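Breakdown of the fold
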Amino acid sequence: MKIDQNQALTPAPLPLMRARGDDGAARFDTSALMEVAARPPLVFVEGRGSWLVDHAGRRYLDFVQGWAVNALGHCPREIGDALAAQSQRLVSPSPAFFNDAAIRLAQRLAELSGLQRVFLASSGAEANEGAIKLARKFGSVHRGGAFEIVTLADGFHGRTLATMAASGKAGWDQLFEPKVPGFPKARLNDLDSVRACIGPTTVAVMLEPIQGEAGVVPASAEFLRALRALCDERGLLLILDEVQTGVGRTGTLFAFEQAGVVPDIMTLGKGLGGGVPLAALLAKEEVACFAHGDQGGTYCGNPLMAAVGTAVLDTVAQPEFLAGVVERGAHLHRHLQRLSEEHRLAGERGAGLLRALDLGRPVAPAVVAAARELQPEGLLLNAPRPQLLRFMPALNVAFDEIDRMAAQLDRVLHDI
Ligand SMILES: *Cc1c(COP(=O)(O)O)cnc(C)c1O
C-alpha cells in the first residue's frame, strides 16, 4: 500500500500541535511490513492526550487509545518523565539480576492487589502464557498432575499457541493446528456449563471479568462469586485475565473488586504500561510454585518498562483518579444511552470506561469508517463485532471530549 501525503485527506488546523512533513516529501511504502491486518491508508505520526495526528496533519479524536492501552492518553508527561529518568540510570541489567525498578513495581502491584507474588512480562499473551504454565505447575506439584484449565466460549487471552487455545474466539479452533490441548470450553454466566467441564485432571478455571474482544460482555457478580465458591469446593485455581479490565479501566483498580472475589492468579497488561510493552502475572503466595528455570524471558522485569508501570500506578491507583474514571464512565454511559434511544439502537453496556453500543444491525464497520473520515477532524472507534461499537478512551479523557465524540457519532449515525 502506497500512502502519499499529497493525495491524503484535507489537512485540518492544528490547535494542539504542529503538522509534520511540510517538506512535501513524506511518502510511505508499507510493503516491507507483513500483512497481518486490514489497515486504513493513513500513518500516525503524533499523539497527545485524546488526539492523534496523521501524516497529512489531520487530527483524530481517539476513543481506541491503542486498544485500551493508553491509560493516561497519548504521550502523557508522567510516562515521558519516567522513561527519560530511567533511561539515564539503568535500562537492562539482565533478568539474571535484581533491579530496583522491577522490585518497586512488583511490591506496588502486590500491595494493591493482595496477590503476594509478581512476574513481570511484556505482553498480555505472555502474562497469560505464564498463568497457564503456573497453573499446570501447581497441578503437577499439588494436584497429582492435573492440567486442564476450563475456559470460556468467546473468551480472549492472546495470540500465542497456548493462549489461542485458551481463547474461545470463533474461527480460531481451526487455525495453526495442532494446538495446545487441555482447554475445555464452558459458557459465560452459566455455572452448570463450568461444572460439566470439570474432571479429575482439571486444575483451574480462567476467564475475563468482562469479555472485551467478544464485545464488552460482563461476567455477572453472582457468576464470579459462584465460580470462586466452586473453585474453593473443588480445589481449583481461579485465574482472572484482567489484561483489558485491570488498572482502572472499569472504575476500580481491578474489576474483580466489584464482584467481591479475589482470584488465585491474575494477569495484567495493556493499561499497566500506559502504552509501553509491560504486563504482569500475579499469584497468591501458596500458588506461586515456579522452580528456578521454569519461567523467564529477556525483557521480564526490564527496568525501563517497570519504571513506567510504577508511574502509571502512581496516578491511576489514586482514589480521586478512580473516582474520575467512574464519573467519566457515567458521562459516556448517559451519552450512549441517549444515542441509543434517539437512533432506536439496541442499547449500551459496560463498566467505567470500557463500554459498548449495540447498533442492532451489522453496520459497525461502516460507522467506524465514516467516523474516521469525518470533517474537519476524524473520530477513531472500534467495532469488535459487526453490530457493536466499543469505547475505550483514555482514563483521563476530558468531559468535553466525551461530548465531542458523542456529537460526532450522532452525525455518523444520522447518515448511516
Ligand atoms: C489484549 C488482551 C490480551 C492479549 O494481550 P497482548 O498484549 O496483545 O498480548 C489478553 N487478554 C485480554 C483480555 C486482552 O484484552
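What counts and how
- Residues numbered from 1 in each chain as written.
- Predicted model: local features only at pLDDT ≥ 70, side-chain atom pairs only at ≥ 80, totals over all residues.
- Heavy atoms only, no water.
- Helix = DSSP H or I, 4+ residues; strand = E, 2+ residues; numbered from the N terminus.
- Rg over C-alpha atoms; globule rule 2.2 N^0.38 Å.
- Buried < 20%, exposed > 50% of the residue type's maximum accessible area, 1.4 Å probe, protein only.
- Contact = heavy atoms within 4.5 Å.
- Areas by Shrake-Rupley, 256 points an atom, 1.4 Å probe, with all protein chains shown as cover.
- Pairing = 2+ DSSP bridges.
- Near = heavy atom within 4 Å.
- Polar contact = N/O pair within 3.5 Å; in protein donor to acceptor, adjacent residues only side chain to side chain.
- Nonpolar A, V, L, I, M, F, W, Y, C, P; charged D, E, K, R; others polar.
- Phe/Tyr/Trp six-rings, centres within 6.5 Å; stacked < 30°, edge-to-face > 60°.
- Lys NZ or Arg CZ within 6 Å of the ring centre and 35° of its normal.
- Core = buried A, V, L, I, M, F, W, Y, C linked by side-chain atoms within 4.5 Å.

Attention shifts here to the overall build of the chain. Secondary structure assignment for the chain yields 12 helices and 19 strands. Its C-alpha atoms give the chain a radius of gyration of 22 Å, within 12% of the compact-globule value 22 Å for 416 residues. Overall, the C-alpha framework of the chain stretches about 65 × 55 × 45 Å when taken along its three principal axes. Burial statistics for the chain: of 416 residues in total, 54% are counted as buried. Contacts in the chain between residues at least 24 apart in sequence constitute 72% of all its contacts with a sequence separation of at least 6. When the accessible surface of the chain is summed, it comes to about 18100 Å², and 55% of that surface belongs to carbon and sulfur atoms.

Once that is clear, we can look at the pairing of strand β7 (residues 148-152). Where burial is concerned, most of β7 is hidden: four out of the five residues are buried. Bridge count for β7 against strand β9 (residues 202-207) is three bridges, and the pairing is parallel. Bridging from a neighbouring strand, Ile149 pairs with Ala204 of β9. Examined bridge by bridge, β7 and strand β8 (residues 185-186) share two bridges and lie parallel to one another. Each residue of the ladder has a partner; that of Thr151, found in β8, is Lys185.

Near the ligand, the surroundings consist of Ser123, Gly124, Ala125, Asn128, Phe156, His157, Gly158, Glu208, Asp241, Val243, Gln244 and Lys270. Here Phe156 contributes a backbone N or O atom positioned 3.3 Å from a nitrogen atom of the ligand. For the ligand, whose accessible area on its own is 380 Å², the fraction buried by protein is 81%. Sort the elements by how many residues they give to the shell around the ligand and helix α4 (residues 124-142) lands first, with three residues. Here the residues of the shell around the ligand sort into three nonpolar, six polar and three charged.

Attention shifts here to the packing of aromatic side chains. Applying the stated criterion across every chain yields a total of three aromatic pairs. For the ring pair Phe44 and Tyr60, a centre distance of 5.3 Å and an interplane angle of 85° mean the geometry is edge-to-face. Of the two residues, Phe44 is situated in strand β3 (residues 44-48) and Tyr60 in strand β5 (residues 59-62); the sequence distance between them amounts to 16 residues. Judged by relative accessible area, which is 34%, Phe44 ranks as partly exposed. Where Phe156 meets Trp172, the ring centres are 5.6 Å apart and the plane angle is 55°; that geometry is what we call tilted. Taken as a pair, Phe156 in the loop between β7 and α5 (161-166) and Trp172 in the loop between α5 and β8 lie far apart in primary sequence, 16 residues in all. Grouping residues by exposure puts Phe156 and Trp172 together as buried. Taking the ring centre of Trp51 as reference, the NZ or CZ of Arg59 above it sits at 3.9 Å.

All right, on to unusual backbone geometry then. Of the consecutive residues Glu177 and Pro178, the connecting peptide bond is found in the cis state with omega at -5°. The residue Pro178 is located in the loop between α5 and β8 in this model. Even without being glycine, Asp154 reaches a positive phi, approximately 70°. In this fold, Asp154 is placed in the loop between β7 and α5. Of note in this structure, Val247 is not a glycine but carries a positive phi near 55°. Mapped onto the secondary structure, Val247 falls in the loop between β12 (237-241) and α8 (256-259).

As a further point, take the sheet that holds β7. Pairing in this open sheet of seven strands is mixed, and the strands run β6-β14-β13-β12-β9-β7-β8 from one edge to the other. With partners counted over all chains shown, the strands left at the sheet margins are β6 (117-121) and β8, one partner each. Here strand β13 (residues 265-268) pairs with strand β14 (residues 279-283) via four bridges, running antiparallel. Bridged to Met266 within β14 is Leu282.

The next subject is the nonpolar core. One finds Phe63, Val316, Leu381, Leu389, Phe391, Met405 and Leu409 to be the most contacted residues of the largest nonpolar core, which totals 82 residues. The element best represented in this core is helix α9 (residues 303-316), accounting for eight residues. Those residues within four positions of Leu389 in sequence are excluded, and the remaining contacts are Arg355, Ala356, Leu357, Leu359, Ala364, Val367, Val368, Leu381, Asn382, Pro384 and Leu409. Ranked by size, the runner-up nonpolar core spans 26 residues in total, among them Ala131, Phe138, Leu237 and Val287.

Note that all results are geometric; they support no functional claim without further evidence.
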